[in-house]
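# Examination of the molecular architecture
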Amino acid sequence: MSSRENIPLLSPIDICLLAGKIMLQSGAETYRVEDTMIRIAHALGLSSSHSYVTPTGIIFQAGGPEAAKLIRIAERTTDLDKVAAVNSISRKLVAGEINAEEAAALLRDIDESSHAYSVGLQVTAAAISSGCFAIMFGGSGYDFLPALISGGLGFAAVILFHRLINVKFFAEFTTSLLIGLVSYFFIYLGLGRELDKIIIGSVMPLVPGLLITNAVRDLMAGHLVSGLSRGAEALLTAFAIGAGVAAVFTFL
Amino acid sequence: MYMIWQLITSFIASAGFGIIFNAPKRTLFQCGLGGMLGWVIYLVLDPYYDTVISTVAATFVVGVISQVSARIYRMPVIVFSVAGIIPLVPGGLAYDAMRKFVENDYNTAVQLAAQAFLISGSIAIGLVVSEVLNQLLIRKRKPHRG
């Protein structure tokens, strides 16, 4: 704890906002973010707080005379470990097991921590999943290896392109173009039987499945702004993937 | 033999997605199990019933497994449900629809796109129904918003 002495203490409002920010960036549902923020606020003594969460920003008002605060969320990934960690901190805070200061320190640690699994392990997992998906969707055993390789390459490429190009759409488009080309190359070489199954398996790690489902759930829960904007994001991603693969077909 | 391969591949694929989504290490097995059971139910029902019905049934099971695991491990439901629904997500259909659009076969494309939309809706319905059931069964807790 001694190393943290020079860090200024967080106010209760900032603790709520930090918790909300981490959860929203990690892919939690909108209602869960609002719910957790209000629970934490309640535990910290702010009994009539309001939070308004959209996928791109959080507005939080403590209920007192203080001004409302806003946080802008620019980048969203899926990091379930962080969602679970913030959730358990909120539980402990509500149960009175930790105080505000400890909670703030723990939240800062979570915010700064990186992905628990290394990039290499993630690419391996994506590659193996792609191979399995090719078989699940009706491909033959011959399609396993091509899907494994092009899926792994695709996932590595999307991570790399996200770092190089700041436009998400373009990174996804380029990646699916690459997947289409690699898959076609395998068929051309005589490895693999069905081009469709190989491509479907390989693009699965990129498909916005979580976004689509979260969008519909947000809409059903009455979070109309969040639902529509998540839906738009999912549609854009699906379009990028479809257009990238389709571009390969038009040139062949 | 076909079914055994489907079981193995769906388990590995769902657990792999758990790693991609950075699920905590001790939940990876449950992620794989949820995905496997959901996929098997989908495969068993699909030849007899409409795809939408089989998807709702499969996601409902994934949802129930996720609710139970969430309660046991004291973690958010989303940690378990996300990887479990991945095999059911209409990624292949969305891809087929997009491909037909590019090939100027608009009739088939719109049909496939509508089907993909319906299936994503039915995934959400399956999850919501399991959540509502959970809330109805456990009344002693304060009802949850959303």
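From a predicted model like this one, the values you see are computed outputs, not experimental measurements. (Residues numbered from 1 in each chain as written. Chains lettered and ligands numbered in written order. Predicted model: local features only at pLDDT ≥ 70, side-chain atom pairs only at ≥ 80, totals over all residues. Heavy atoms only, no water.)

## Notes on the UniProt feature "transmembrane region" (unreviewed entry) in chain B
- The sites that UniProt annotates as "transmembrane region" (unreviewed entry) are residues 6–23, 28–45, 51–70, 77–95 and 115–138 of chain B.
- Counted over residues 77–95 of chain B, helix gives 74% and strand 0%. Its end C-alpha atoms are 29 Å apart. (UniProt positions renumbered as here; feature names shortened; annotations may be inferred. Helix = DSSP H or I, 4+ residues; strand = E, 2+ residues; numbered from the N terminus.)

## Brief notes about the pattern of salt bridges
- One pass over the full model with this rule turns up ten salt bridges over all chains.
- A salt bridge links A:Lys21 to A:Asp111; its shortest N-O distance comes to 3.3 Å. Separated by 90 residues along the polypeptide, A:Lys21 in helix α1 (residues 12–25) and A:Asp111 in helix α4 (residues 100–112) bring together distant segments of the chain.
- In this structure A:Asp111 comes out as partly exposed when scored by relative accessible area, which is 25%.
- Connected through shared salt-bridge partners, A:Glu29, A:Arg32, A:Arg217 and B:Glu131 make up one network. (Salt bridge = Lys/Arg side-chain N within 4 Å of Asp/Glu carboxyl O. Buried < 20%, exposed > 50% of the residue type's maximum accessible area, 1.4 Å probe, protein only.)

## Digging into the domain arrangement of chain A
All names here are of chain A.
- By domain assignment, chain A separates into domain 1 (4–112) and domain 2 (119–251).
- The centre of domain 1, based on its C-alpha atoms, is set 32 Å off from the matching centre of domain 2.
- Taken together, the contacts link 13 residues of domain 1 with ten residues of domain 2.
- When domain 1 packs against domain 2, the two sides together hide about 900 Å² of surface, and 47% of this comes from carbon and sulfur.
- Seen at the junction of domain 1 and domain 2, the total is two salt bridges.
- The residue Glu233 makes a salt bridge to Arg76 at a minimum N-O spacing of 3.4 Å.
- For the pair domain 1 and domain 2, the interface holds five residue pairs in polar contact (both at pLDDT 80 or more).
- Put simply, the parts of the chain that give the side of domain 1 that touches domain 2 at least two residues each are α2 (30–43) and β1 (50–54).
- For the side of domain 1 that touches domain 2, the class distribution of residues is six nonpolar, four polar and three charged. (Domains from an automatic or database assignment. Contact = heavy atoms within 4.5 Å. Buried area = accessible area lost by both parts, 1.4 Å probe. Polar contact = N/O pair within 3.5 Å; in protein donor to acceptor, adjacent residues only side chain to side chain. Nonpolar A, V, L, I, M, F, W, Y, C, P; charged D, E, K, R; others polar.)

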